[in-house]
Structure formats: structure tokens, C-alpha cells
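Listed below, chain by chain, are the residues.
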Amino acid sequence: MAINTILRRSASALTPLAARLLCGQRNLSHHCGGALFSAVNHSQKLISNNSFLVPALSRYSFSASSALKRPSSDESLLRVIESEIQCSEESFEEGDDIPEGFPFKLEDNLGQQTVSLTREYQGETIHIEVEPSSLVTGEEDDDDDANDDSEQDNQTSLPMVVRVSKTGGPCLEFGVTAYADEIVIDSLSVKDPEMTEDQLPYEGPRFDELDENLQKAFHKYLEIRGIKPSVTNFLHEYMVNKDHREYTNWLKNLKKFVEA
């Protein structure tokens, strides 16, 4: 009776220890009862003398059980995320492969926003950067009186940055917007690699304020280097698919976090 009373008093504070002592009691013979009583009594005294362990053990037990049991709100969130993943995967249509003779090397890493294209041309390095978030999806305009500028604004377009550089020298940086059958140069600047960040270089005039012949010459300059509709149209479709892939991957990362 004394042994059982002691075990009941200590069970709430040190359940694993009590369980092991009970198991030991079943295996001990009658003549070991006194030794067992002394051991349990000693354990009880240790717990009593170190009462600060009791709340610590209780908190550990509570936190462990809380971690194992996911809140119902998290379960609901997981179901919504899983449904969205399924919907995204089912609606995805794989785009065309890189066409034969494509002049650029395309670098795209899942989880990274920027896609880069590079090529070498007669001692120059041409580098293009574009992001899925920069895609502009056109919407139809029912206004028959809309002018040419507004019609262009409603077209699907892809802004990008084009850099043409030579070894050890400055580079030309173009701000370009690619439409379905037209390349528009929005800006042009000369970048000096030796220029420090606290220096403000002269950026030049607005591109559309340049002499018309000079504007045409720069359009031809980019076309010769591969910046033309046949390239940008493929790139546009590629970026639409990348945006879809990145969204699906983002959802899967959300799911992993909530499940953890």
C-alpha cells in the first residue's frame, strides 16, 4: 500500500520514472520489496527537494503534445493549398522547346525570378534580363475611337533590359519593350564600369527625342544582335510558362512550411 500511494503522488510529475518503477516491482521477488521502497522513497524526496522540475516537466509535456496536434485551422489551410496546387498543375500547358537556331543561351533556375539570355557577337557580349512579373497582358478596348498609342498599351508586352558590352570598356544599356511584332526602345544609356555609385552620369536625352534616323539605326543595331520579334515572341511565351511554374512551386513551398 505504501508503494502504491507514493507512486500515485509522483505519477503526475514524473510519469516515465513511475512507469519504470512499477515495471520493476512486478519483476522483483518479495525479499526485494524493502529495497524498492527505499528507491521510490528516495526518488520522491528528490522530486520534493527539486520542486522546480515539476512545472518544467509539465510545460514540456504540454508543448510536445501541442506540436504533435496541428490546429484545425492549419488543416483547413492545407486543404485549400493542396486544391490550388492541383488546379495549377492541371491547367498548366508545357510550352514549346527552344527553337532550333535560337541565338541566345537561356539561363533559368526554379525559384529565381530573373531569366537571363547571353550570346557573343563579334567580340561583344549581349545580355538580356527579363522577369515574369514584368509581363503585361493586354486587354481588349471597346472604344473604337482609341488612338494608336492606347491600342499599343492594350497589347501584350514584355519589358526587358538589354546590355551590349565590350571587354574592358563601357556598355550600352537599352530599356526595351517587346510587342508581338514590334520592338520599342524606351531608353538608352552608356554605363561606365569604373563609375562609382555616388557619381551621377549623364544619361542622355529621351530616346524618342533623338533624331529619327538615329532611332532607326539603333533599332537595326539591336536587330542584328538578335533582339527581334522571332526571339522576343518565344521569350514571351516562355515567361508566361515560367510564371505558372514559379507559382506552383511557391504553393508547394507553402505546403511544406505548414506541414512542418
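Everything numeric here is computed off the predicted structure, so don't read it as measured data.

Trainee: Could you clarify how one ought to interpret the overall build of the chain in this entry?
Mentor: Looking only at helices and strands, the chain features eight helices and six strands. For the chain, the sequential pattern of α-helices and β-strands runs α-α-α-α-α-β-β-β-α-β-β-β-α-α. Looking at the chain residue by residue over its 260 residues, the buried ones come to 28%. Pairs at least 24 residues apart make up 55% of the contacts formed inside the chain by residues separated by at least 6 positions. If you sum the accessible surface of the chain, you get close to 17,900 Å²; carbon and sulfur atoms cover 51% of it.

Trainee: I keep staring at the pairing of strand S3 (residues 124–130) and nothing clicks. Help me out?
Mentor: Remember that side chains alternate between the two faces of the sheet whenever the strand is regular. In terms of residue burial, S3 counts as a mostly covered element, since five of its seven residues are buried. Note that strand S2 (residues 115–121) and S3 share seven bridges and pair antiparallel. Paired with Val115 across the strands is Val130, a residue of S3. Bridge count between S3 and strand S4 (residues 158–166): six bridges; the pairing is antiparallel. In the strand pairing of S4, Glu129 is matched with Val161.

Trainee: Help me out: how do you make sense of the pattern of salt bridges in this one?
Mentor: Charged atoms that come close allow side chains of opposite charge to pair. Across all of its chains, the model carries eleven salt bridges by this definition. With a shortest N-O distance of 2.6 Å, Asp108 and Lys242 are connected by a salt bridge. Highlighted residues: Asp108 in the loop between strand S1 (105–107) and S2 and Lys242 in helix H8 (residues 229–259), separated in sequence by 134 residues. Here Asp108 falls in the partly exposed class, since its relative accessible area comes to 24%. Each of Asp108, Lys242, Arg245 and Glu246 takes part in salt bridges that share partners, so that together they form one network.

Trainee: Quick question: what am I supposed to make of a negative patch on the surface here?
Mentor: A surface patch of negative charge is lined by Glu94, Asp96, Asp97 and Glu237. Note that Asp97 resides in the loop between helix H5 (72–91) and S1.

Trainee: Which parts of the structure should I look at to understand the sheet that holds S1?
Mentor: Picture the strands of a sheet paired through backbone hydrogen bonds; they go either parallel or antiparallel. Spatially, the six strands line up as an open sheet ordered S1-S2-S3-S4-S5-S6, and their pairing is antiparallel. In this open sheet, the two edge strands, each paired with only one partner strand, are S1 and strand S6 (183–191). Taken over all neighbouring pairs, the strand axes of this sheet differ in orientation by 20° on average, direction set aside. Lying over the sheet, H8 contacts S1, S2, S3, S4, strand S5 (171–178) and S6, oriented at roughly 125° with respect to S4.

Trainee: How do you make sense of H5 when you look at a structure like this?
Mentor: Every α-helix winds through 3.6 residues per turn, so residues three or four apart in the chain are directed the same way. With 20 residues, H5 extends 29 Å from end C-alpha to end C-alpha; this agrees with the ideal 28 Å at 1.5 Å per step. For H5, the set of buried residues is Leu78, Ile81, Ile85 and Ser88. Projection of H5 onto a plane perpendicular to its axis shows the buried side chains occupying an angular sector of 95°, all on one side. Turned more than 90 degrees away from the buried face of H5, the exposed residues are Ser72, Arg79, Val80 and Glu90. Looking at the packing, one finds that the buried side of H5 touches H8.

Calculation notes
- In every chain, residue numbers begin from 1 and rise along the written sequence.
- Thresholds applied to this predicted model are a pLDDT of at least 70 for local features of residues and 80 or more for the giving and counting of side-chain atom pairs; totals over whole chains, interfaces and linings are not thresholded and use all residues.
- To get the side-chain values, take all heavy atoms of the structure and skip hydrogens and water.
- Each helix is a run of DSSP H or I of at least 4 residues and each strand a run of E of at least 2, with the numbering of both proceeding from the N terminus.
- When a residue's accessible area, from a 1.4 Å probe over protein chains only, is under 20% of the maximum for its type it is buried; when over 50% it is exposed; and in between it is partly exposed.
- Whether two residues are in contact is decided by their heavy atoms, any of which lying within 4.5 Å being enough.
- A 1.4 Å probe and the Shrake-Rupley method give the accessible areas. Residues count as covered only by the protein chains that appear here.
- For two strands to be treated as a pair, DSSP must find at least two bridges joining them.
- Criterion for a salt bridge: a side-chain nitrogen of Lys or Arg within 4 Å of a carboxyl oxygen of Asp or Glu.
- Two joining distances apply to patches: 9 Å for like charges and 5 Å for nonpolar side chains (Val, Leu, Ile, Met, Phe, Trp, Tyr), and every residue must have over 30% relative accessible area and no salt bridge.
- Positive charges come from Lys and Arg alone, negative charges from Asp and Glu alone, with His and the N- and C-terminal ends not counted.
- Just so you know, the charge point we use is NZ for Lys, CZ for Arg, CG for Asp and CD for Glu.
- Lines fitted to C-alpha atoms define the axes here, with helix axes fitted over just the stretch in contact, and angles between the N-to-C directions of these axes take values from 0 to 180 degrees.
- The span you would expect from a helix comes to 1.5 Å times its residue count less one.
- As used here, the arc belongs to the directions running from the helix axis to the C-beta atoms.

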